[in-house]
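Chain and residue survey
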Amino acid sequence: MNKAVLRYSDDTQIMAEALTCRRGGRTVFANMSFTLSAGSYLCLRGRNGAGKSTLLRLIAGLVPQSDGKFVVQAGGQALDIKSSLLMVGHLNGLKPALTLRDNAAMFQKVMTGQNLDQAVLQAAAKRFALAHLLDQPVQYFSSGQRHRSALMRFELVSRQIWLMDEPTVGLDSDNRQALAVMMQSHLERGGIIISATHDPIDVEGIELNLDDFAPKQIGQNSLESEWL
Amino acid sequence: MHRFANPAQFNRLADSVMPWAFSVMVLTLASGLYFALFDSPADYQQGESVRIMYMHVPAAWMGMFVYMVMAVASFTALVWRHPLALIAGKAAAPIGAMFTALALITGALWGKPMWGTYWVWDGRLTSVLVQFFLYLGYMALWQAVEDDEKAGRAASILALVGVVNIPIIKFSVDWWNTLHQPASVMRLDGPTIHSDMLWPLLLVAVGYQAYFVVAFIWRMRLEINLRKLSVMRMNEVAGG
Amino acid sequence: MVMTHLPKINVSSAGAFWALVRRDVHLAWAQGGASTLTIGFFLIAVSLFPFGVGPEPQVLARIAPGVLWVIALLACVISLDRLYQADFEDGSLDDLVLSPVGFLGVVCAKVLAHWLSTTLPLAVLAPFLGVMMNLNADGFVVLIVSLLIGTPALSLIGSVGAALTVAVRRGGVLMSLIVLPLYVPTLIFGVGAVDAAVNLVDPLPHLALLGAVSLMAIVAGIWASVMALKLAME
């Protein structure tokens, strides 16, 4: 097996301790703890509304935690989450009027300030069978093609932590395999992946069921009990 | 902070304040209005129309005062994330809007006989109108966003931006030398109006202030009960 | 397993910021973008006034500064509606705030791009409409100058309204309710400057106050926009 030429730092860690998130007066999850180190894959499971997307947005720093501790660090130093993370959610973030190539170039330029390497784009598009669509405006794409275009981004910019919200939705078996291969090679380079998904992906990882952290009853929440 | 200002604490405080505020409101408003309408001299320039001023001036003060209450509540809500502060802002807004509208309407009624017109576009009137619109915007934003906490915090940001308008209202009569007369009570060198007129004015002002406390407590209680209701609903949905 | 080629890890915030400005200007002028529509609105709305108030040159000349400023302001509000909402709805706002520029960079870049792509063209077109509105010759230079100084405040204050209503469905009307009262000082000093120039009075005090409004809008507008955007993205 080939050793990765470029590796991410090995001592990167994501740590959650007794993490609790409340939104709109409702406790989404409570007392969640996990630790992830470089090269590990965390697969979030749970029923709809268990807070999978919320947890991803919390990890990205968009949603504040209500209680507990959450740190991303490398070698004991807090890591700048913005330059080490990439998130692809339900929405694909594509501009319909632009071609896929222009969308990718714009994304690359805004995310890194650097110009897009066309060879990298070719390789990424090939992986998800989009190479022939690069110069078509995205407005003509099917929803599956758009979704693959969004997934392609993980290969465009190099970020250690990948956050994926339902990455397998609308993918056929070939593309699901391509996704698994991409994730596998990211993990081998020391990357960290956290994904929320219903469907199984052919990648070894840790499972975290968010139903286990659902509040036992609403009264558990101190603020809410004050209202009663 | 959350420990010292939870709804139960608030209810206890409100219970002890309420009878006092209510009595003060009845006494001062009744006596103030009696003096204002029957037992104070007519103005040598304005005649009997001056009596509108006893309603108008304190209402304008209250419009600004309530806005500041709302702004302080908004600041508290944004910085310390205190849920009662969000509710305090929400409870205060309609009262402030009402006082501002009262100031605008009584001002227009007074303006017709005095200035010969209901409305002029001078700095004071315009900035008070802007304040009224800010109240409306604040309330509309609360209505528009579904999640109560997000709605409240969005409205709080707007309330804080609108604070810029308060000094504009206060100093507009000095900055733009227009029809609206400059301050005659709230001055550094003491009031310039006769004490026979000052007393009814201050009585009504205290009455308005007490009314604000009463209405504010009522509205706070209403909002707290609505919150309780929504938590109970959430419990039921989660349980079933 | 064969490793794919990895792009260089080399992030430039300034490069990303200007890329975002260019992106937004480009999108504003692209098919379906806001700029052409806004400019069209400006032209049509101003040319309605001669029908409404009658074509007498004196009447038009008298109301020209106010009409041009009010319509420019309304055109600005219309275009601001989508300032953050378009990116919010298609998910690219998530990418943008997680990019090296962050929330502050996103707000600054978007406001700057909006000003360059939409409001600045209005200031450039205003003198031509001034001719149609029979604006007094003394007013033209000050009209352009006042729009140049005042329009940044329009974009900045509008950005607050746009950020506050970004998650509200059909938030456009609510946004105008919030933003229009805050536009009053800009409008007063902007029109005041042009009126002063037309009446051969020194417009400088009005322009200075207009500048002060814009400076305050930079501080308060950017702060409030960032707060509102963070809130909406939660």
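You'll find the structure just up there.
Please read these numbers as outputs of a predicted model, since none were measured by experiment.

Here we come to the state of the cysteines. Taken as a whole, this structure holds zero disulfides over all chains when the rule is applied. Looking at the unpaired C21 of chain A, the closest cysteine sulfur is the one in C43 of chain A, lying at 20 Å. With a relative accessible area of 0%, C21 of chain A lands in the buried category. Looking at C76 of chain C, it has no disulfide partner, and the nearest cysteine sulfur is the one in C108 of chain C, 17 Å off. Taking the relative accessible area as the measure of exposure, C76 of chain C reaches 1% and is therefore buried.

The tally for this structure, following the rule as stated, stands at 21 salt bridges over all chains. A salt bridge links D94 of chain C to R57 of chain A, with the shortest nitrogen-to-oxygen separation between them at 3.0 Å. One end of the pair, D94 of chain C, is in helix α5 (residues 92-98); the other, R57 of chain A, is in helix α1 (residues 52-59), on a second chain. When its relative accessible area of 17% is taken as the criterion, R57 of chain A is described as buried. Because the salt bridges share partners, they merge into one network encompassing K95 of chain A together with R23, D24, D87, D90 and K110 of chain C.

All names here are of chain A. The phi dihedral of A129 falls on the positive side, at around 55°, and the residue is not glycine. Relative to the elements of secondary structure, A129 occurs in the loop between α3 (118-127) and α4 (143-151). Even without a glycine there, the phi angle at E166 is positive, about 50°. By the secondary structure assignment, E166 is in the loop between β7 (161-165) and α6 (173-188). You can call E166 buried: its relative accessible area is 11%.

All names here are of chain C. Structurally, the position occupied by K110 is in helix α6 (residues 102-132). Accessibility expressed as a relative area gives 2% for K110, which makes it buried. Within the structure, K110 has its side chain in polar contact with the side chain of D24 (distance 2.7 Å). Setting aside anything within four residues of it in sequence, one finds K110 in contact with R23, D24, L83, Y84, D87, L93 and L96.

It is worth spelling out helix α4 (residues 123-144) of chain B at this point. Taking 1.5 Å of rise per residue, 22 residues should cover 32 Å, and α4 of chain B covers 31 Å from first to last C-alpha, within 8% of that figure. For α4 of chain B, the tally of buried residues reaches 16 of 22 residues, placing the bulk of the element in the interior.

Another aspect to go through is the nonpolar core. F29, F34 and L55 of chain A together with Y84 of chain C are the most contacted members of the largest nonpolar core, which has 169 residues in total. A per-element tally of this core places helix α3 (residues 83-115) of chain B first, with 13 residues. Each residue touching F34 of chain A, except ones within four places of it in the same chain, is listed here: I14, M15, A16, L42, L55, I59 and L208 of chain A. Residues V88, L134, L156 and V203 of chain A belong to the second largest nonpolar core, which totals 38 residues.

All names here are of chain B. At a minimum axis separation of 9 Å, helix α2 (residues 50-80) and helix α5 (residues 148-162) run at an interaxial angle of 130°. Of the possible angle classes, the one that applies to α2 and α5 is oblique. Where α2 crosses over α5, the two elements pack in a sense that is left-handed. Listed contacts from α5 to Y67, M70, A71, S74, F75, A77 and L78 of α2 are R153, S156, I157, L158, A159, L160 and G162.

All names here are of chain A. Read from one edge of the open sheet, five strands run β6-β7-β8-β3-β9, paired in parallel fashion. Pairing within the sheet leaves two strands with one partner each, and these edge strands are β6 (85-88) and β9 (206-209). Within the sheet, the average angular offset between the axes of one strand and its neighbour, ignoring direction, is 15°. With four bridges joining them, strand β3 (residues 41-45) and strand β8 (residues 192-196) adopt parallel strand pairing. Across the sheet, residue L42 finds its bridge partner in β8, namely I194. Sitting on the sheet, α1 touches β3, β6, β7, β8 and β9, and the angle it makes with β7 is about 155°.

So, about the environment of F22 of chain B. All names here are of chain B. Mapping F22 onto the fold places it in helix α1 (residues 7-37). Exposure remark for F22: the relative accessible area of 37% places this residue in the partly exposed category. Put simply, F22 and V214 are 192 residues apart on the chain and 6.3 Å apart in space, counted from C-alpha to C-alpha. Beyond its immediate chain neighbours, meaning those up to four positions away, F22 contacts V214 and W218.

The next thing to look at is the pairing of β3 of chain A. Here is the key point about a regular strand: its side chains alternate between the two faces of the sheet. Residues and elements named next belong to chain A. Taken across its five residues, β3 has four buried, putting it largely inside the fold. As defined by bridge partners, β3 adjoins β9 across four bridges and the pair is classed as parallel. Opposite R45, over in β9, you have N209 as the bridge partner.

On to the environment of A60 of chain B, then. Within the fold, A60 of chain B resides in helix α2. Along the primary structure A60 of chain B and S230 of chain B are separated by 170 residues, whereas in three dimensions their C-alpha atoms are 36 Å apart.

Reading the values: the criteria
Residues numbered from 1 in each chain as written. Chains lettered and ligands numbered in written order. Predicted model: local features only at pLDDT ≥ 70, side-chain atom pairs only at ≥ 80, totals over all residues. Heavy atoms only, no water. Disulfide = S-S within 2.5 Å. Buried < 20%, exposed > 50% of the residue type's maximum accessible area, 1.4 Å probe, protein only. Salt bridge = Lys/Arg side-chain N within 4 Å of Asp/Glu carboxyl O. Helix = DSSP H or I, 4+ residues; strand = E, 2+ residues; numbered from the N terminus. Polar contact = N/O pair within 3.5 Å; in protein donor to acceptor, adjacent residues only side chain to side chain. Contact = heavy atoms within 4.5 Å. Expected span 1.5 Å × (residues − 1). Core = buried A, V, L, I, M, F, W, Y, C linked by side-chain atoms within 4.5 Å. Axes fitted to C-alpha atoms, helices over the stretch in contact; angles between N-to-C directions. Parallel < 35°, antiparallel > 145°, perpendicular 65-115°, else oblique. Left-handed = near helix turned anticlockwise from the far one by under 90°. Pairing = 2+ DSSP bridges.

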